[in-house]
Number of protein chains: 2
Amino acid sequence: MRAGAAGDQNGQMSQSLSARLRLRPGPVDFGDYDPDATPGFSGGKKKGKQALDQLEGPLADLQERLYAESREGGERRILLVLQGMDTSGKGGIIKHCVGLLDPQGVTLASFRAPSRSEKRHDFLWRIEKERPAAGMVGIFDRSHYEDVLIARVRSLAPEAEIERRYVAINDFERRLTDGGTAIIKCFLHISKAAQGERLLARLTDPTKRWKYNPGDVDERVLWPDYRRAYQLALERCHTSVAPWYVVPSDHKWYRNWAITTLLTEHLSALGPKWPKVDFDIAEEIARVKAS
Amino acid sequence: MRAGAAGDQNGQMSQSLSARLRLRPGPVDFGDYDPDATPGFSGGKKKGKQALDQLEGPLADLQERLYAESREGGERRILLVLQGMDTSGKGGIIKHCVGLLDPQGVTLASFRAPSRSEKRHDFLWRIEKERPAAGMVGIFDRSHYEDVLIARVRSLAPEAEIERRYVAINDFERRLTDGGTAIIKCFLHISKAAQGERLLARLTDPTKRWKYNPGDVDERVLWPDYRRAYQLALERCHTSVAPWYVVPSDHKWYRNWAITTLLTEHLSALGPKWPKVDFDIAEEIARVKAS
């Protein structure tokens, strides 16, 4: 990933967004990250939506190359991990960012509370099954991180088991990156006030009400505990091969632009090429014409 | 599905497109269907693309209602089956039509040649596993119909087994519709000349060449056999609960508009409603404000 100075495209970026949003090493304190900020983007909502639209073409081209490459044996693929508090925007990102991609090259996995049968396996069992295939862009809507987040806050596992899981996650992610997967782990950082507004919006708008769950408030009152659990998880699982990105998410338009930009930058860094074909082109043209 | 006169929206439709494109009963002869026609649409390519864009809003609204409904116990769902000769546009439809939908409410299954393990099961075994869940729009890129198409043309199964499969397919599809699935089976009807042009386009454009497979010409020379197999399959499996639609597909813009319109009409006929919630709204607003 390019971390230095980049072209001053639209006056928006002086370095790659990946470099800007990458979690800083050392102990993590979300107080150091402003959820209301728009790093790397100088305009407002309107300009942000236009900039998102402009990413569709380049993104589609890169995605098709990655997919094509895999048809000729390419092993590379993308895994986008979305984590954040309720209402932080996982659904919105899938609709507005993932929606820009060709569905043929996307696999989407949502990890809700594990089923009874899933609970009888190691926490990574159900995750392994949803790993993206070569050439694909895989999206995790929540992920294996739930097993060190809600598991810690709600004491669903003993402390020693949580500790074991941080290590297991780092091993798992290294295995993925060794196998050709570029992992983009995004923490959607919202303020507690923004969450309150969004929950109220769900309750007052009849077309959004179905998204509301009274249990959301039960989790909300545990905000400080979740915050601590997230800080710890990001700190323990921020590795050179699979770093975390902290995406300020109080502005939905910024969050959508930022995630799409991270995806585009990572695909661009892979530099997928149209594959060489193993047939004689002139000969095949003649065959089609004769048929 | 509304089959009578509809509003003369944009001067394009005097009856529902579903009624217009529905396969006519009795023996099937594709000679009666023009692949170059644009039934139900009076404009050309530019107007067709605009009309497609205009469907995005209504389609997204209907899809979200269907999805929401399922969260409160709704059983209804959509299954769009795409069948057609190579280059008829299954991939293009997934990119341009399915791409209009929210990925959270879509499941996509592509059925290539069955694996060794799949072959050890009944032909519907791998299909059953990909049935869309309640609230979802499922897309089949090829389907169980391959087992009465290439299976017939290439003699992969004896005649008696093919006969058994027509019956099994009708039983299977009735079970799906009984369970709340609206099935939209689309035959993408292209001319042999159009296929020739598209194969040549793939060979001459370096960004499309990876889509070309020399085996495509081997299938192309069997065009009359495939045509017969398709005619027979459509005839035998055209039922009142799961009818076939013949979509003229020599014009890509028309094909995309037509499929999206069929999808919109079927969703509209279901008439999904925002679900009633089972909590006290005022009470929850107070809880959020207090938290």
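The coordinates are above.
Residues numbered from 1 in each chain as written. Chains lettered and ligands numbered in written order. Predicted model: local features only at pLDDT ≥ 70, side-chain atom pairs only at ≥ 80, totals over all residues. Heavy atoms only, no water.

Help me understand the packing of helix H12 (residues 281-290) of chain A against helix H8 (residues 192-204) of chain B in this model?
Packed helices, taken two at a time, are described by the angle their axes make and the gap between the axes. Between H12 of chain A and H8 of chain B, the least distance of the axes is 10 Å, while the angle of their chain directions is 175°. Relative to H8 of chain B, the element H12 of chain A lies roughly antiparallel. Contacts between H12 of chain A and H8 of chain B involve Ile 281, Glu 284, Ile 285, Val 288 and Lys 289 of chain A from the first element and Gly 196, Leu 199, Leu 200, Leu 203 and Thr 204 of chain B from the second. For the contact of H12 of chain A with H8 of chain B, the per-class residue count stands at six nonpolar, two polar and two charged. (Axes fitted to C-alpha atoms, helices over the stretch in contact; angles between N-to-C directions. Helix = DSSP H or I, 4+ residues; strand = E, 2+ residues; numbered from the N terminus. Parallel < 35°, antiparallel > 145°, perpendicular 65-115°, else oblique. Contact = heavy atoms within 4.5 Å. Nonpolar A, V, L, I, M, F, W, Y, C, P; charged D, E, K, R; others polar.)

What am I meant to see in helix H10 (residues 223-236) of chain B here?
Each α-helix winds once per 3.6 residues, and so residues spaced three or four apart point in a common direction. Over its 14 residues, H10 of chain B runs 20 Å from end to end, which matches the ideal 20 Å to within 8%, given 1.5 Å per residue. Within H10 of chain B, the full set of buried residues consists of Trp 223, Tyr 226, Ala 229, Tyr 230, Gln 231, Ala 233 and Leu 234 of chain B. (Expected span 1.5 Å × (residues − 1). Buried < 20%, exposed > 50% of the residue type's maximum accessible area, 1.4 Å probe, protein only.)

Can you help me understand the pattern of salt bridges in this one?
Side chains carrying opposite charge are able to pair once their charged atoms draw close together. Residue and element names in this part refer to chain A. Evaluated as defined, the whole model comprises 38 salt bridges over all chains. In this structure, the salt-bridge partner of Arg 76 is Glu 69, at a minimum N-O distance of 2.8 Å. For Arg 76, a relative accessible area of 24% gives the class partly exposed. You can call Glu 69 buried: its relative accessible area is 14%. In this structure, Arg 77 engages Glu 75 in a salt bridge whose closest nitrogen and oxygen atoms are separated by 2.8 Å. Overall, the relative accessible area of 48% leaves Glu 75 in the partly exposed class. Three or more residues are tied together by salt bridges with common partners; here these are Asp 122, Glu 161, Arg 164 and Arg 165. (Salt bridge = Lys/Arg side-chain N within 4 Å of Asp/Glu carboxyl O.)

I would appreciate a short explanation of the sheet that holds strand S1 (residues 77-84) of chain B in the present structure.
What links the strands of a sheet is backbone hydrogen bonding, and the strands pair in either a parallel or an antiparallel sense. Residue and element names in this part refer to chain B. Within the open sheet, the five strands sit side by side as S2-S3-S1-S4-S5. Their pairing is parallel. The two strands at the open ends of the sheet, each matched to only one other strand, are strand S2 (106-110) and strand S5 (244-248). Looking at each pair of strands side by side, their axes are set apart by 20° on average, direction ignored. Sheet analysis places S1 next to strand S4 (residues 181-189), joined by eight bridges and oriented parallel. Paired with Arg 77 across the strands is Thr 181, a residue of S4. (Pairing = 2+ DSSP bridges.)

Keep in mind these values describe shape, not function.
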